[in-house]
Amino acid sequence: MKGGQELLEIPSHLKDLQQKHKETLRVQTETLRVNTILIKEKVKIFQLVDRYVELTVISDVRDRTLVEHELLARGRDHEEWREKHLQKELEKIRTDQLFQSSFSQRKSKSGNSTAVSGVAGIGKTTMVQKIVYDWATGKIYPHFQFVFSFKFRDLNTINCRINLRNLILFSYPYFGNFLGELWKNPEGLLFIFDGLDEFKDRIYFADNRRNTEPQFMCTDPEFRCEVSDIVYSLIQHKLLPGCSVLVTSRPTALHLLEKAEISVWAEILGFAGDERKEYFSKFFEDQTVAVAVFKHVEENEILYTMCYNPSYCWILALSLGPFFTQRDRKQQQVPKTITQLYSYYIYNILKNHSREIENPRDVLLKLGEMAYTGISKKKIVFGNADLIEYNLQPSQFLSGFLMELLERDDSAQSVVYTFPHLTIQEFVAALTQFLTPDPGEIGKLLSEAHSEEDGRFEIFLRFVAGLSSPQSSRPLEEFLGPFLHQTTCRVIDWVKEKVEGLIGNTETETGKRKLLNTFHYLFESQNKALAQNTVGSVETLSFRELGLTPIDCAVLSHVIGLCDTIKQLDLQQCYIQCEGFQRLGLVLHKCQELRLDHNYMGDSGLKALSGALRNPGCKIQALRLEGNQFSPNGETQLELLQGVRSGLTVKM
């Protein structure tokens, strides 16, 4: 017994066949083929066990709006959202538990059918490959005597009626005349169908939507019928009752299974924190490089958020890896900002595929116009009509920016497109501002975007500011031609105007948030002269009661570092924790009065503050540190520091 499943003894004359089948599947699944647009080699081959990282799978399927959140959410909000929904009656489930009775929502005496959902690039197909490999090598599912795996995209090539026997023999011809023996023990069979969303035919599971004439009810594995009827009959336990079926699908086609006899529903959420780190560890042979790349990703909340999805991890590893492995790329040139990183992401596509089209600049200009309209209308899914409107033709080059998805309604199916992540859509929209022949009223466009209260343009504006930097624009100009100098100048002027206009407007939460956003623009621009001209002489900064993420603290540290002296820095109740204080600790010595009440900094945060107090150029005269949860030892250390710095006033 294992997981509540009874182990059935396989007849001796089938043992050799089973061993041959397992060996065949092992060979088929032991290597991982990875397709990518970013490099010249269209396919890279790795050992599956060397690259596979366990995914977080939950024993439920979430509402479509929650799935869409994966594309829209970023940073701390994304992490908090995932934790909340993971804890909310969503139990984690391992791949060897997908047919376990304790996860079943519908009991069936005639067999188990399991549905696994997941967004594009989340690892459904790779997980199926790992399941088959683990069964073939004896690691899971010993109660299944034979496993048969099919991809719906391959089944699309079958244009005639077929029976289950020939469907199996087409992929596994060595079963020959033995299949009749297998039909006698359906409880020992597992059928896997991967990618329901890619299937060309629609499968109706509601009884009132099906033609119930005998020829459409495939109850005999020797009877010829449509492929869709074979799949339907297996899932519904009308064909080989007692067998088990696993179906995977993107959320777009999951509604097709609502009326199906599904026992276990599961969804792949992707990588959690430790799994993200493991991915980079397995991607790079040199662990020094792996640690350096992951640290770089971890320090940027947007990049770190994207790492829930294995496809995005691949993008990040490919884009960042060369900076830590190639001798001709100096360490100090490693992308410091999200803009610089995305520039290299686009650069890699251009480097390897721009020759496939006549005018890559023109294509990106049109794509960016469509992307910007999408942001304006909160639109992340585009149809053929959108491509026609912007005169875009599907191509290998374009597939580096847009993913094809199949979407169905009640009457038909259609191809729709989405950017791999909302931030890529936002970057391309920002890029088009620098490719437009006439900058026109770009200042007005940016101001209107900045005034939106819902934050939809927040990252777009950071990218625009970042692309005014030579470090971000230079790699792209190699293939797209020079950015319009007039546009760059107007963007810099606009950032300067916004910072100066908001620097003293911190009475309201909105004012504080907008000022913080302008500091992000300064950080992305990496324009030292611009920052010093706008904030160099600032004497008072207040973000009281505005929650600051570690990245916000890094940006604030960057800005304060370019100031002369800050008379008062008020960060009371900003919920800054240890990591944030570590980033701020490098510049706090420039402030005369620090207000840091109720920030949960603890002793480790106090250590960062101690470093500032010991700085030879320290200007700190007054500290407010109430409600920071110091231990008695921490308080003692602070008292000692007071003795070191004469005239220092501390309120705790």
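Just above, that's the structure.
Quick notes on the rules
Residues numbered from 1 in each chain as written. Predicted model: local features only at pLDDT ≥ 70, side-chain atom pairs only at ≥ 80, totals over all residues. Heavy atoms only, no water. Helix = DSSP H or I, 4+ residues; strand = E, 2+ residues; numbered from the N terminus. Buried < 20%, exposed > 50% of the residue type's maximum accessible area, 1.4 Å probe, protein only. Areas by Shrake-Rupley, 256 points an atom, 1.4 Å probe, with all protein chains shown as cover. Phe/Tyr/Trp six-rings, centres within 6.5 Å; stacked < 30°, edge-to-face > 60°. Core = buried A, V, L, I, M, F, W, Y, C linked by side-chain atoms within 4.5 Å. Contact = heavy atoms within 4.5 Å. Salt bridge = Lys/Arg side-chain N within 4 Å of Asp/Glu carboxyl O. Expected span 1.5 Å × (residues − 1). Pairing = 2+ DSSP bridges. Axes fitted to C-alpha atoms, helices over the stretch in contact; angles between N-to-C directions.

**Some points on the overall build of the chain**
Then, number 1: A count of helices and strands for the chain gives 27 helices and 15 strands.
Then, number 2: The 652 residues of the chain split such that 56% are buried.
Then, number 3: With the model as given, the accessible surface of the chain reaches about 28,700 Å², and the carbon-plus-sulfur share is 47%.

**Things to note about the packing of aromatic side chains**
Geometrically, a pair of aromatic rings is defined through the distance of the ring centres and the angle of the planes.
Then, number 1: Evaluation of the coordinates by the stated rule reveals 35 aromatic pairs.
Then, number 2: Plain terms: the ring middles of Tyr-372 and Phe-460 are 5.4 Å apart, the flat faces sit at 55° to each other, and that makes the pair tilted. Placement of the pair is Tyr-372 in helix H15 (residues 360-376) and Phe-460 in helix H19 (residues 458-467), with a sequence separation of 88 residues. Both residues of the pair, Tyr-372 and Phe-460, count as buried.
Then, number 3: Their ring planes at 65° and their centres at 5.9 Å tell us that Phe-457 and Phe-460 sit as a pair that is edge-to-face.
Then, number 4: Residue classification places Phe-457 among the buried positions, given a relative accessible area of 6%.
Then, number 5: Given a relative accessible area of 0%, Phe-460 falls into the buried group.

**Looking at the nonpolar core**
Then, number 1: One finds Phe-191, Phe-280 and Phe-519 to be the most contacted residues of the largest nonpolar core, which totals 207 residues.
Then, number 2: The biggest single contributor to this core is helix H13 (residues 310-325), with 10 residues.
Then, number 3: In this structure Phe-519 touches Val-499, Ile-503, Val-535, Leu-541, Phe-543, Val-555, Leu-556 and Val-559, once residues within four positions along its chain are discounted.

**Here we look at the pattern of salt bridges**
Side chains that carry opposite charge are capable of pairing whenever their charged atoms lie near each other.
Then, number 1: Taken as a whole and judged by the stated rule, the model has 20 salt bridges.
Then, number 2: In this structure, the salt-bridge partner of Arg-26 is Glu-30, at a minimum N-O distance of 2.6 Å.
Then, number 3: The exposure class of Arg-26 is partly exposed, given its relative accessible area of 24%.
Then, number 4: Residue Glu-593 is joined to Arg-595 by a salt bridge in which the shortest nitrogen-to-oxygen separation is 2.9 Å.
Then, number 5: If you follow the salt bridges from partner to partner, you end up with Glu-23, Arg-26 and Glu-30 in one network.

**Quick notes on helix H5 (residues 124-136)**
Because an α-helix packs 3.6 residues into every turn, residues spaced three or four apart end up facing the same way.
Then, number 1: Taking 1.5 Å as the rise per residue, H5 with 13 residues should run 18 Å; its terminal C-alpha atoms sit 18 Å apart, in good agreement.
Then, number 2: In terms of residue burial, H5 counts as a mostly covered element, since 11 of its 13 residues are buried.
Then, number 3: Among the residues making up H5, those that are buried are Lys-124, Met-127, Val-128, Gln-129, Lys-130, Ile-131, Val-132, Tyr-133, Asp-134, Trp-135 and Ala-136.

**A short note on the sheet that holds strand E6 (residues 189-194)**
Then, number 1: Spatial ordering of the open sheet is given by E3-E8-E4-E7-E6-E5, a layout of six strands whose pairing is mixed. The sheet terminates laterally at strand E3 (56-58) and strand E5 (146-151), the two strands that pair on one side only. When strand polarity is set aside, the average angle formed by the axes of neighbouring strands in this sheet is 20°.
Then, number 2: Packing against the sheet, H5 makes contact with E3, strand E4 (113-117), E5, E6, strand E7 (244-249) and strand E8 (264-270), and its axis sits at approximately 160° to E6.

**So, the sheet that holds strand E11 (residues 540-542)**
Strand pairing in a sheet relies on backbone hydrogen bonds, with the paired strands running either antiparallel or parallel.
Then, number 1: The five strands are arranged E11-E12-E13-E14-E15 in an open sheet whose pairing can be described as parallel. Lying at the two open borders of the sheet, with one neighbouring strand each, are E11 and strand E15 (649-651). Mean inter-strand twist for the sheet, computed between neighbouring axes without regard to direction, equals 10°.
Then, number 2: As judged from the three bridges shared by E11 and strand E12 (residues 566-570), these two strands associate in the parallel manner. Each residue of the ladder has a partner; that of Leu-541, found in E12, is Leu-569.

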